[in-house]
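Chain and residue survey
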Amino acid sequence: MVVSVICILVISYLIGSIHGSKIAQYLSGVNIKKEGLKNSGASNAAIVLGAKYGILVAIIDILKGVIVVIAVRFWIFGYADYSLVEQDVLVYSAGAAVILGHNFPLYTKFKGGKGTATLIGVLLALSWPLGLLGLILLIGTTLITDYLLIGVFVFYFVFIGASIWFAEGIGPMAIAGFLFLMAVILHIENFRRLIRREEMKISTFLSKKKPSL
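All values reported here derive from a predicted model rather than from experimental measurement.

**A few points about the overall build of the protein**
- Check the secondary structure of the protein and you find 11 helices and 0 strands.
- Ordered by position in the sequence, the α and β elements of the protein form the string α-α-α-α-α-α-α-α-α-α-α.
- Against the 2.2 N^0.38 benchmark of 17 Å for 213 residues, the protein shows a C-alpha radius of gyration of 17 Å, consistent with a compact globule.
- Summarising its shape, the C-alpha atoms of the protein cover approximately 55 × 35 × 25 Å along the three principal directions.
- Counting every position in the protein, which comprises 213 residues, the buried fraction comes to 46%.
- Of all intrachain contacts in the protein linking residues separated by at least 6 positions in sequence, the fraction that spans at least 24 positions is 65%.

**Looking at the layout of surface pockets**
- Counted as a void, the largest pocket has a volume near 1100 Å³.
- For the largest pocket, the lining is made up of 38 residues, of which Ala42, Ser43, Ala46, Leu148 and Ile202 are closest to its centre.
- Breaking the lining of the largest pocket down by element, the ones donating at least two residues are α3 (42-49), α4 (51-79), α6 (116-126), α7 (128-145), α8 (148-165), α10 (188-195) and α11 (202-206).
- Of the residues forming the lining of the largest pocket, the biggest block, 7 residues, is contributed by α4.
- Among the residues forming the lining of the largest pocket, the class breakdown is 22 nonpolar, 10 polar and 6 charged.
- One number sums up the size of the second largest pocket: a volume of about 180 Å³.
- Every residue lining the second largest pocket is counted, 12 residues in all, and those nearest its centre are Lys38, Asn39, Lys111, Gly112 and Gly113.

Rules behind the numbers
Residues numbered from 1 in each chain as written. Predicted model: local features only at pLDDT ≥ 70, side-chain atom pairs only at ≥ 80, totals over all residues. Heavy atoms only, no water. Helix = DSSP H or I, 4+ residues; strand = E, 2+ residues; numbered from the N terminus. Rg over C-alpha atoms; globule rule 2.2 N^0.38 Å. Buried < 20%, exposed > 50% of the residue type's maximum accessible area, 1.4 Å probe, protein only. Contact = heavy atoms within 4.5 Å. 1 Å grid on protein atoms, 1.4 Å probe; cavity = no way out; pocket = protein on both sides within 12 Å on 5 of 7 lines; lining within 4 Å. Points joined across faces, edges and corners; volume = space filled by probe spheres on them. Nonpolar A, V, L, I, M, F, W, Y, C, P; charged D, E, K, R; others polar.

Here it is as structure tokens:
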């Protein structure tokens, strides 16, 4: 079983390393890692190439989280005999692995995105009502505050809440806390820009014209 778990985590990481930004680059001819915020996340794709590309990248990156969680649950139910605590730890660990793959892909010298879209996919697969609630709060908070950054961390609080109230054992809470801390570190520059009032507002982004898909 140990070998199986290691294989699941490695495969999850490798799936996470598949970036929607590569599809965007193929379609547009623009490497978004060299433009804008210089990362491969959906938000940077939207900033550099426009909303349609941002949505495309987001869908691909969300699907990674969905696919990994559903596949691991299928494997558990069909081939493993784990307690509820062990099941939740494995599922959350696989979710963390796919996010790590997205943020630190091996083939790009560990420089990837910031994991928000993939986290959305993980939570949607864990519990689609909570994932949908988190997504609605993310969008709503972003529109109200005019900053995507604030909406992103509202979503993280929903994810942490899900790990506390609906998952078994302390493992999922620890994993959610780790992912939250990683997100804070990866968004440090965003927070600095927010304090300096230099962080891009969503209204500013929406008013810009970008290349069409």
